[in-house]
Structure formats: structure tokens, C-alpha cells
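Here is what each chain is made of, one letter per residue.
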Amino acid sequence: MRALRRFTVRAHLPQRLAGLGPLAVNLRWSWHTPTQDLFASIDPGLWRRVEQDPVRMLGEVPPARLDALAADEQFLARLDAESADLDDYLARPRWYQHEQNEGVRLPSGIAYFSMEFGVSEVLPNYSGGLGILAGDHLKAASDLGLPLIGVGLLYRSGYFRQSLTADGWQSEHYPNYDPQGLPLRLLTEADGTPALIQVAMPGHRTLTARVWIAQVGRVPLLLLDSDIAENDEELRGVTDRLYGGDQDHRIKQEILAGVGGVRAVRAYTRIAGLPDPEVFHMNEGHAGFLGAERIRELVTGAGLDFDEALAAVRAGTVFTTHTPVPAGIDRFPADLVRHYFSGPNGENESALLPGLGVDRILALGRESDSRVFNMAHLGLRLGQRCNGVSKLHGRVSREMFVELWPGFDAREVPIGSVTNGVHAHTWAAREWLEFANRLAGPDRVEEAKGWELLQTVEPRELWATRNTLRAQLVEEIRRRLRRSWLQRGATEAELGWVDGVFDPHVLTVGFARRVPTYKRLTLMLRDPERLRALLLDEERPVQLVVAGKSHPADDGGKALIQQVVRFADAADVRHRIVFLPDYDMSMARYLYWGCDVWLNNPLRPLEACGTSGMKSALNGGLNLSIRDGWWDEMYDGENGWAIPTADGVMDEHRRDDLEASALYELLERSVLPRFYDRDGSGVPTRWIEMVRHTLQNLGPKVLASRMVRDYTVQYYAPAAAAAREAVAHGFAGARQLAHYRRRVEAAWPAVRVAQVDSAGLPDIPEIGSKLALTAHVYLGGLRADDVVVQAVVGRVGPDDTLSDVVTVPMRHTGTDPLGEVFEVEVALPMAGSVGYTVRALPHHELLASDAELGKVVLA
Ligand SMILES: *Cc1c(COP(=O)(O)O)cnc(C)c1O
């Protein structure tokens, strides 16, 4: 008999053990090893069986054991110490508070929206890198004391769980997670009833959601859940799965996450008595409708018009793009958006967001083809500050979105970058954390110091740690491989060989990630015989562990997985190469700890950042990677290897051949010899030099705490300052900026640089010679201080295009019949063919950059 529905009943803890409750529910335990050890000590066998999940643990531990613990002085002392430590963690002023005490003005609150959050495997609410990054962002924000609130959806089935059929095809299953069994509490009103969020749907329907709170250290994560009795069957299913379903399903999810998400934040801050967040951060464009909801709030609540509200909302919005693959951008048919936002009979007045016109909402996400609504464009138009997630990705994004800033060079597009980071306490093995703590002292605010000091650890100790971690991984691989074969239909009796799979002394290479085409899962199989020879080499073998999920709708990806599985199933190599199904955080951890080499071979430049290699680096893993994403900026010649890219070779087969061959070559010539070259006591000295260099040099750079500080200083603080200016004195700033923007829109078609005169150059100019420029600019009714007029000087190519330019603002010196006069003297910055031009751009003190409005007039 199958149960119709299931729910979880939490155990009643004896009074003296009450402290276990908060320790289990606050996800801080997931990066705090002493708390994990405390739970393990309750019942080590059970701890393994419940897969290290404290909430499940407390549900399953026998009452008699709890009673015994309640009388166990030693256990109670540990419990009290860990409870006190958690209280201290939650209350003590941290980096953010110290900055504020120094007088730095930081936001009173930040709302961080993401479609997925990977905080821990016990809350399976993520599919891959984007979600894990969001989880790491919350954890680092907690460690640093940011007043941040996470916002997303709670998916009843999470992403999917992956297993393999006998012939190596991916199969997916969708467990039903019961929220009562997860580390969550409901957001409730003062009277104890659940706070409900409502969003209007077409046909006079209402989508209602309750709000679960996952406590991530100091940071609350609000997760909206539509699976409640108030909804009909269809609407209950809105939060069924992450990235499942069609466009119609997906837009409902994104409306709930964006519009419902803002309403959830309002409910949470009202109930908790917290200030409204000044900054809203969109982690990717999925929750972009949050901006439309905030515009509605200001239109209906503060009496602003759409443009004024937009100016205020933009000021406090940060948008992070993660997708350098145009096909990967989230887009909807404009008609679908219209369907969800317009009035019941298709009126322009929105029913979902009363007070707003649908045409204005549609314009925010418009592409050049107006039938398409683009969530990235929406993000870029709603965020006054935008960024990519590595230096290279920032560059690629500026090129990719240059059409939104017509007339500008890509380098001027106002999209910056903050390179992703990873949360060390989540991803580094406890062995390394203990070293780092011992060396730097337990003050985690200066976390980076610990990694730098790892250079002082003896090579022999570093090597011993690497060996321990590799051996642990080998055990884990055998355990998972056995489970997989049993699922694939094998019997225990046939699986004796699994005990001989992998060797704890052999160089171990890892490759684990989602399986979109650009990540090229099967590049390593390009020349199967060459790979086989590497695996089976008698003196210097390599072993390879592979994992990754393919999107359920992507049969191409599943075929790639099958190719790897079939290769790895062969009896002659199966002890040296494995494909492990169901890649998730619980597996990833062992891979990052134990792999000697972390392999990544994406098609450059399609990997926005990549973070798995960073996690490996924090464990002394050496990266062997195409120079893409983070590796492009952090590879230094000694912290790993760069696989030469054939970037620019158009024939993709040839490109794959070239890059695969370079990969084999690096392994044969450099990686393997270094690993197997040992000194008298068996230590691979040159290898360990690279390990040490990696820990010391990459450690501090790849930390999520570095990333969150970068966001705070470069994005959140300026956004909060802009938002305050916009809001102050009855929204004077927002009104002024909106008014200015309207004047610019009206006047701009008439603006022109009427005439440019030069003087002052000697007959034979040299570097540094002074060029005097005078420009007459007709401003079509704008004032001289409404614009900035710039001289642009640079190298000039055969087709007269300028490059390596220097821009110098020109001074307004008067008015004459040709227009406003601007002048400047420029020292020639370079030799060779040099050219110049003059241009005019809108300028206003409340704009973050002169390029922001995407308007420019060239002479
Ligand atoms: C880090 C991580 C990812 C992301 O890895 P990439 O290098 O960005 O592809 C995906 N899944 C899991 C489980 C991770 O831990």
C-alpha cells in the first residue's frame, strides 16, 4: 500500500536537550564541524544512515537514547558549549558591523533573489553552480554579518535524482520532499497563522503561497511554496520542480519568485520588525519581475508615476548576469507575458500589478524583435548596477549586450564584474581548516590569512593530507559505484570487483559538472585508445572519476553520459574510470577533497566563471583547465595547467581534436611525471610545491568572503547610497532623474556636434604635443550641464576606427550662434596614426555612469 500523503513528526526532545533543536534547524551546522561531530556522537551508525541530516537524526533517534543523553554530563557539556557558540555566532558584531562603526554607510538591508539555492544536500533546492553560488553567498554574508535576506521558491521535488539504466542511460526520479522534514519553519503572523502571499493570475484566479524560512546562520532564506489547499491543483503545482515544465509553467514560477518574493520580503520585515531592504540583488534574471512589483508599490503607495518609480527602483537594484551563451538566456514570448500581466479582457491596465500599464512592463524586457521578452534585458534595464561573474565574463557580457547601448564601444558598456568565490568552511576538508585555524588563529574575519600561512606547512604533512583525502574518496567511490550497479540490476555476488576499483596511490583526476554541450563532458574520450593507455600505464597510471546530470529534456546530454558510462563499463578499464550517478553536494565534497587534478574543458568563453575548480583548489587540488571563466584571470603558471585553447578555430571537430590532444599531451608530459617523481621519502616534491602554491595563492582569492565583500563595497554600498538619494525628501531624486530622463529622450534626436576645430599642433607632432579642440554642440533645448562633451583620442585604423582611446571631458566656455562651445587641450597619448573625435553624452549626478542611458552623439 502506498501512502496518499506523507508528513514528518519531529521527536519531542527532553528539556535538557532542547538546545539540539536550534542546532539542527540552523543550517550553520552544515559548515561547522564541531556541531556535526556533536550530532554524530549521538549515534554514529544512525548519523551515517540518515546521511548526516540532523533533522532526520532527531526524528529517528530512539527516545531511550535521548533520555540517556539527557543524563550524560559529558554530552551535556558539549551541547551547552555548541549552543553557546551558535548564540555567539548569531549575536557578535562581525565585519559589516565593524565597517559601520568606522563610519562606512552600508545598506540597512539587502534582499538577494535567486531561482535556486544550494545550501546543503539536506535542502535539495538547486540544480548546479548557480544555486551553489547563491548558497555560498548567503553563508559568507552570514559570516560577515550582512543584513541579507535570501528569497526563492521551495520546490516539492527539488531538481531530479539521477540514476542509470543497465545500458547507461540517465533516468530521473522526483522524490517528494515534505517541508516538515526539512530544516524549515513557517513564516507566521502574530496570531500563529501562516503568513500568506497572494499574486493575481489571469481569469480572476489567485496564486497563494506560504513562506518557509531556512535559517542560514544569521541569514534568513525565504522560500515560497504554492503547494497548499488555498490553490487549485494546477496552481499547487507551480512550485513542483526546479527547471521542469514548459514556458507557461516557468513564467508562473518567475512571477511568484519576483512579485511574490517582494511581497514575502515585506511580510517578513513587517513581522520581524526589520527595516525594508535598500538594495535588491537579482542573482540572474529569473526573478526580474521583482522590479515591476517594486514599481507598482511606489506608483500605488507613494503616488509616483512609472518613470519616477523606475528611477527609484533602478537606484537600489543590482543585477548579476551568469549566461554568456545567448541560447541560455531566459526568454518568453511577449504574448505570454502580456497574458499574465494584462487586464482580464486584455486591457493595458495590469491586473497582476494594478496601476501599471502592460506596455511599460513589456518595454522593460523588449528585444529588437518585440515579440520576445528577455529576462536579461529586463535585469539590465532594472538594475542601475550590473555585473558578470569573472573578468572575462564581464568582457563577454559587455560585448553580448552592447546592442542595449547603441553607439558605445563594448568596453564602455556599464557592466562590471565580481569574480565568484566559494565558501571555504563548506568546501575545504576539515584537515585544511584545522591547519588554517591553527596557523592564523580562530579569527575567521581574517580568513584569507589562514590560507596564506599554509605555505609554512611541511611538504611531508601536505602530502600526508592529500593521501588521506584521496583514500577517503576511493572509499566513497566504491560505495557509490556499488549502489549504482545494484540499481542497474547487478547482484552483490557479481560485484566483488568493485572493492578493487580505484587505487588510493594513483593520480586521481575529477570531472564533475552539469552536462550542457559547451562543457564537453566527452572531450576526454576524443581518442579512446590514448585515454585507455593513460589509464592502464603500468608505472604512471591515472584514474578518472566523472559525474554530472543532464537536463531531463536534453537527450543529447544523456547520450554523452551514456558514452562515458559505456567506456567506463568495459572490464579492462573499469578499475580506473567511473561515472558516478546523482552528482550533488554530498558527492561533490568528496571529489573536491580527494582529486589531485580538477579537469575543466569548456568551449571558451562560454563558462561564465566556474566554481568547482575553486573548491578543488581550496583542498590543494591542481586545476587542469582551459583558460576560461575564473581560470583565465587566476592561472599563474605555477598553480596548475592551462590547456591551450583553439579558440577561433571554426570547425568544431577540429577544435575538439586540437584541444583534446593538448590535454593528453599535458597529462603525459607534465602532470603525470610530476606526480610520480618522488624524493627519498616518497614525497613528490615538485608536485607538493604546486599544491602549496595553490593553497597559498589561490586560497585567499577564491573565497566567497572576498566575493561578498566585493559586492558590498562595489555594488551594495553605492546602490544603497543611490537609493537613499532617490527616496529622500519625498522622492525628490527619483522625480528629478525621471524628469531629466524625459527631457533627454525628447531632446536627444536633435542633439548634434555641429563643428569641431583643432589648433595648436606643431608641424610634426610628438607624444605629449598639445592638441587644442573646440566643439560647437547643438543641444536641442538641453542645458550645457545636462551633458558631458568629450574629446576622444586614440589609435586610428585603416578604416578610421579608433582604438586604445583616451576620453577627456571638454569645458563649457560659452554660447554662440552654432550652439554651446566646449574646449579642451589634450596631450597626444601615443605615437603612430592617431585620430580624434568629439561626442556628447547625457550627464546627471544621479546616474551611475554617463553611458547608463545608452545615448551618445558623435561628431
Ligand atoms: C560547485 C558545484 C557546481 C558548479 O560547478 P562548475 O564548475 O561551476 O560547473 C555544480 N554542482 C555542484 C554539486 C557543485 O558543488
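On a predicted model such as this, the values are computed, not experimentally measured, just so you know.

**Details of the overall build of the protein**
Right, so step 1: In terms of regular secondary structure, the protein is built from 28 helices and 28 strands.
Right, so step 2: Against the 2.2 N^0.38 benchmark of 29 Å for 859 residues, the protein shows a C-alpha radius of gyration of 29 Å, consistent with a compact globule.
Right, so step 3: Its C-alpha atoms put the protein at 95 × 70 × 50 Å along the principal axes.
Right, so step 4: Sorting the 859 residues of the protein into buried and exposed places 58% on the buried side.
Right, so step 5: The long-range share in the protein, meaning contacts at least 24 apart out of those at least 6 apart in sequence, stands at 71%.
Right, so step 6: Carbon and sulfur atoms provide 51% of the accessible area of the protein, an area that totals close to 33,900 Å².
Right, so step 7: Put simply, the protein has 94 plus and 114 minus side-chain charges, and the middle of one group is 2 Å from the middle of the other.

**Let's talk about the packing of aromatic side chains**
Right, so step 1: In total, this model carries 23 aromatic pairs according to the counting rule given.
Right, so step 2: Residues Trp-641 and Trp-687 carry aromatic rings whose centres are separated by 5.7 Å and whose planes lie at 40° to one another, so their mutual orientation is tilted. Pair noted here: Trp-641 is in strand β20 (residues 640-643) and Trp-687 is in helix α27 (residues 685-698), with a separation of 46 residues, a long-range link.
Right, so step 3: Ring geometry for Phe-675 against Tyr-676: centres 5.0 Å apart, planes inclined by 80°, an arrangement best described as edge-to-face. Tyr-676 carries the same exposure label as Phe-675, and that label is buried.
Right, so step 4: Each member of the aromatic cluster is reached from another via a ring pair, and the members are Trp-463, Trp-641, Phe-675, Tyr-676 and Trp-687.
Right, so step 5: Sitting above the plane of the Tyr-174 ring, Arg-241 keeps its charged end 3.4 Å from the centroid.

**Some points on the pairing of strand β3 (residues 161-164)**
Right, so step 1: Where β3 and strand β4 (residues 170-173) come together, four bridges link them in antiparallel fashion. When the bridges of β4 are listed, Ser-163 appears paired with Ser-171.
Right, so step 2: The turn joining β3 and β4, which pair antiparallel and follow one another in sequence, is formed by five residues; a positive phi near 85° is taken by Gly-168.

**Things to note about the nonpolar core**
Right, so step 1: Ranked by internal contacts, the top residues of the largest apolar core, which has 144 residues, are Leu-146, Leu-148, Trp-451, Leu-507, Leu-624, Trp-687 and Tyr-716.
Right, so step 2: Looking at which element gives the most residues to this core, the answer is helix α26 (residues 652-676), with ten residues.
Right, so step 3: Excluding residues that lie within four positions of it along the chain, Trp-687 makes contacts with Leu-507, Asp-596, Val-597, Leu-622, Trp-641, Val-671, Arg-674 and Phe-675.
Right, so step 4: By size, the runner-up hydrophobic cluster in this structure holds 118 residues, among which are Ala-287, Val-313, Leu-841 and Ala-851.

**Some thoughts on the state of the cysteines**
Right, so step 1: A full pass over the atoms with the stated rule returns zero disulfides.
Right, so step 2: In this structure Cys-386 is not part of a disulfide, and its nearest cysteine sulfur, from Cys-609, lies 18 Å away.
Right, so step 3: On the basis of relative accessibility, which here comes to 5%, the residue Cys-386 falls in the buried class.
Right, so step 4: Accessibility expressed as a relative area gives 3% for Cys-609, which makes it buried.

**What about the pattern of salt bridges?**
Should the charged atoms of two oppositely charged side chains come close, the side chains can pair.
Right, so step 1: Tallied over the full model, the rule gives 66 salt bridges.
Right, so step 2: Put simply, Arg-520, Arg-526, Arg-655, Asp-656, Asp-657 and Glu-659 are held in one network by salt bridges that share partners.

**A closer look at the sheet that holds strand β21 (residues 752-759)**
Right, so step 1: What the four strands build is an open sheet, ordered β21-β22-β26-β25; its pairing is antiparallel. At either end of the open sheet lies a strand with only one pairing partner, and these are β21 and β25 (811-816). Within this sheet the neighbouring strands show an average axis-to-axis angle of 25°, counted without direction.
Right, so step 2: Alignment of β25 against strand β26 (residues 819-827), held across five bridges, turns out to be antiparallel. By the bridge assignment, His-812 is partnered in β26 with Phe-822.

**Re the side chain of Ser-625**
Right, so step 1: Looking at the element boundaries, Ser-625 is found in strand β19 (residues 622-626).
Right, so step 2: The exposure class of Ser-625 is buried, given its relative accessible area of 3%.
Right, so step 3: Excluding anything up to four places from it in sequence, Ser-625 contacts Asn-600, Trp-631, Trp-641, Ala-642 and Ile-643.

**Let's talk about the environment of Ile-577**
Right, so step 1: Along the polypeptide, Ile-577 turns up in strand β17 (residues 577-580).
Right, so step 2: If sequence neighbours within four positions are ignored, Ile-577 has contacts with Phe-502, Leu-535, Leu-544, Phe-567 and Ala-568.

**So, the environment of Leu-20**
Right, so step 1: Along the chain, Leu-20 falls in helix α1 (residues 20-25).
Right, so step 2: Measuring from C-alpha to C-alpha, the distance between Leu-20 and Gly-730 comes to 48 Å, with 710 residues separating the pair along the chain.
Right, so step 3: The residues touching Leu-20, leaving out its near neighbours within four places in the chain, are Leu-13, Leu-38, Phe-39, Ile-42, Leu-58, Phe-75 and Leu-79.

**A short note on helix α22 (residues 555-569)**
Right, so step 1: Spanning 15 residues, α22 covers 20 Å between terminal C-alpha atoms, matching the ideal 21 Å at 1.5 Å per step.
Right, so step 2: Taken together, the buried positions of α22 are occupied by Gly-557, Lys-558, Leu-560, Ile-561, Gln-562, Val-564, Val-565, Phe-567 and Ala-568.
Right, so step 3: Taken together, the buried residues of α22 touch β3, β4, α21 (528-536), β16 (542-547) and β17.
Right, so step 4: Where α22 starts, the residue carrying a side-chain oxygen 3.1 Å from the main-chain nitrogen of Gly-556 turns out to be Asp-554.

**Describing the packing of α21 against α26**
Right, so step 1: One way to put it is that α21 packs onto α26 with a least axis distance of 10 Å and a crossing angle of 20°. With respect to each other, α21 and α26 are oriented roughly parallel. The element α21 and its partner α26 pack so that their crossing is left-handed. Between α21, through Arg-530, Leu-531 and Leu-534, and α26, the contact on the second element is made entirely by Ser-661, Tyr-664, Glu-665, Leu-667, Glu-668 and Leu-672.

**A word on the domain arrangement of the protein**
Right, so step 1: In terms of domain boundaries, the protein breaks down into domain 1 (15-91), domain 2 (105-421 + 715-723), domain 3 (447-699) and domain 4 (751-858).
Right, so step 2: In this structure, domain 1 and domain 4 have C-alpha centres spaced 67 Å apart.

**Overview of the site of the ligand**
Right, so step 1: What surrounds the ligand is a group of 15 residues, the closest being Lys-519, Tyr-592, Thr-611, Ser-612 and Lys-615.
Right, so step 2: Between the ligand and Thr-611 there is a distance of 3.1 Å, counted from an oxygen atom to a backbone nitrogen or oxygen.
Right, so step 3: A total of 390 Å² of accessible area belongs to the ligand in isolation, and the protein chains cover 95% of it.
Right, so step 4: Sorting elements by how many residues they give to the shell around the ligand places helix α23 (residues 585-594) first, with three residues.
Right, so step 5: Tallied by class, the residues present in the shell around the ligand amount to six nonpolar, five polar and four charged.
Right, so step 6: Counting contributing residues, the shell around the ligand receives three or more from each of domain 2 (105-421 + 715-723) and domain 3 (447-699).

**Remarks on the UniProt feature "domain: DUF3417" (unreviewed entry) in the protein**
Right, so step 1: The sites that carry the UniProt feature "domain: DUF3417" (unreviewed entry) are, in the present numbering, residues 13-123.
Right, so step 2: Helix makes up 57% of residues 13-123 and strand 4%, and the two end C-alpha atoms of the span are 22 Å apart.

Calculation criteria
- Residues numbered from 1 in each chain as written.
- Predicted model: local features only at pLDDT ≥ 70, side-chain atom pairs only at ≥ 80, totals over all residues.
- Heavy atoms only, no water.
- Helix = DSSP H or I, 4+ residues; strand = E, 2+ residues; numbered from the N terminus.
- Rg over C-alpha atoms; globule rule 2.2 N^0.38 Å.
- Buried < 20%, exposed > 50% of the residue type's maximum accessible area, 1.4 Å probe, protein only.
- Contact = heavy atoms within 4.5 Å.
- Areas by Shrake-Rupley, 256 points an atom, 1.4 Å probe, with all protein chains shown as cover.
- Lys, Arg positive; Asp, Glu negative; His and termini not counted.
- Charge placed at Lys NZ, Arg CZ, Asp CG, Glu CD.
- Phe/Tyr/Trp six-rings, centres within 6.5 Å; stacked < 30°, edge-to-face > 60°.
- Lys NZ or Arg CZ within 6 Å of the ring centre and 35° of its normal.
- Pairing = 2+ DSSP bridges.
- Core = buried A, V, L, I, M, F, W, Y, C linked by side-chain atoms within 4.5 Å.
- Disulfide = S-S within 2.5 Å.
- Salt bridge = Lys/Arg side-chain N within 4 Å of Asp/Glu carboxyl O.
- Axes fitted to C-alpha atoms, helices over the stretch in contact; angles between N-to-C directions.
- Expected span 1.5 Å × (residues − 1).
- Polar contact = N/O pair within 3.5 Å; in protein donor to acceptor, adjacent residues only side chain to side chain.
- Parallel < 35°, antiparallel > 145°, perpendicular 65-115°, else oblique.
- Left-handed = near helix turned anticlockwise from the far one by under 90°.
- Domains from an automatic or database assignment.
- Near = heavy atom within 4 Å.
- Nonpolar A, V, L, I, M, F, W, Y, C, P; charged D, E, K, R; others polar.
- UniProt positions renumbered as here; feature names shortened; annotations may be inferred.

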